[in-house]
Amino acid sequence: MAKAAIPTYDICSLVMGKPNQEDVVVARFSDYLAAHRDIHFPHRHSFYHLALFTSGHGTHTIDFERFSVEPGQLYFMVPGQVHGWYFEGKLEGYVINVSPGFFNVFLKDADYIERFPFLSGVATEGVVQLTQQHVPEIAHLFEGMLREVCTDQPYNLDMLRLLLLELFIKVSRFTHHGPIKQEMLHNNLLLRNFRKLVEQHYMQQRLPKDYAAMLYVTPNYLNAFCQHMLGKSAGEVIRDRVLLEAKRLLVMADTSISSIAYQLNFADNSYFTKFFRKYAGVTPEEFRKNII
């Protein structure tokens, strides 16, 4: 059933009663669930949210994409994503919440974190299955962060930053074999910039040519580039972002369909309904009625 609104949690509302947790929370998953029993329902965060599952099963839904939880899975979520989980039996692992500004005092490049593909904000890219060989190495980093979050030793927050960066780099190495070529760096930068522009302008700008102009490339190049990198056109990337926001808004039961159509800059309710049914496979009313 649709909720009155999707709750948004800030990092201060999910502290675990330990010091130095204004910008970062590190906990064992079982302790985290016991302290926050109601957060399995769909909700958003205003911070980065990481979870490693070491045992147990269930499902985890991120932006309406459902994943089967298995040991060795790492989930990376960025601020604003909607997620909820449904576990079967006892589950164990680790969870980390990190404020967007946590690395700002540490890194010269403010966009450094966004370079990691699992922090793109795309649900399927934020789920990483570690091999049995790699799970102990990553779990060891989580254990180190658990120790640092509880200590009063000097530079403990800087040590947490170092351990998190080591985690990001190791996961990136595990998932991308071989050296990173200059062409790949350029492609990743262009893709990141395109997605960032879509995030900023999708409410008003719906045509690939508008984004191509902002990126100083031709529309044909942008479309071919997206097909090469993502297997979909630039127009599909824009459309998918509009559709995702429509789904997020439809979860709010007290917001009318016509109001959502207006917020998303559709000409009228009928046009929005046709758009949603064509690409989601159901009408907005049917989606709202069936959403958990």
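Owing to the predicted nature of the structure, the values given are computational and were not obtained by experimental measurement. For every chain, the first residue of its written sequence is number 1, and the numbers climb from 1 along that sequence. Local features in this predicted model are restricted to residues whose pLDDT is 70 or higher, and side-chain atom pairs enter the listing and the counts only when it is 80 or higher, whereas totals over whole chains, interfaces and linings include all residues. The basis for every side-chain value is the complete set of heavy atoms in the structure, and neither hydrogens nor water enter the calculation.

Would you take a moment to explain helix 6 (residues 219-230) for this structure?
In an α-helix, one full turn covers 3.6 residues, which means residues spaced three or four apart are oriented alike. By definition, any uninterrupted DSSP run of H or I lasting at least four residues is a helix, any uninterrupted run of E lasting at least two residues is a strand, and each is numbered from the N terminus. Here, expected helix span is obtained from the residue count minus one, scaled by 1.5 Å. In this model helix 6 runs 16 Å from its N-terminal to its C-terminal C-alpha over twelve residues, within 8% of the 16 Å that 1.5 Å per residue would give. Every buried residue of helix 6 is listed here: Leu222, Phe225 and Cys226. Seen from one end, helix 6 has its buried residues packed into an arc of 100°, which puts them on one side. Away from its buried face, by an angle of more than 90 degrees, helix 6 presents the exposed residues Asn220 and His228. With its phi angle positive at about 75°, Gly231 sits one or two positions after the end of helix 6. We call a residue buried when its accessible area falls under 20% of the maximum for its residue type, exposed when it is over 50%, and partly exposed in between, using a 1.4 Å probe and counting protein chains only. The arc under discussion is defined with respect to the helix axis, by the directions toward the C-beta atoms.

Any chance you could explain helix 3 (residues 156-175) here in plain terms?
Its 20 residues give helix 3 an end-to-end C-alpha distance of 29 Å, which sits within 8% of 28 Å, the value for a rise of 1.5 Å per residue. Of the positions making up helix 3, those classed as buried are Asn156, Leu160, Arg161, Leu163, Leu164, Leu165, Leu167, Phe168, Val171, Ser172 and Phe174. By the convention used here, residues are in contact when the closest approach between their heavy atoms is within 4.5 Å. Buried residues belonging to helix 3 abut strand 2 (24-28), strand 4 (48-62), strand 6 (73-77), strand 7 (82-98), strand 8 (127-129) and helix 2 (135-150).

Can you walk me through the side chain of Arg44 in this structure?
Within the secondary structure, Arg44 is located in strand 3 (residues 43-45). For Arg44, which is buried and forms no salt bridge, the nearest opposite charge comes from Glu245, at a distance of 4.8 Å. In this structure the side chain of Arg44 is engaged in a polar contact, spanning 3.2 Å, whose partner is the backbone oxygen of Gly80. His is not counted, nor are the chain ends; Lys and Arg add positive charge and Asp and Glu add negative charge. The working definition used for a salt bridge is a side-chain nitrogen of Lys or Arg within 4 Å of a carboxyl oxygen of Asp or Glu. We call two N or O atoms a polar contact when they sit within 3.5 Å, provided that within protein one can donate a hydrogen and the other can accept it, with sequence-adjacent residues counted only if both atoms are side-chain atoms.

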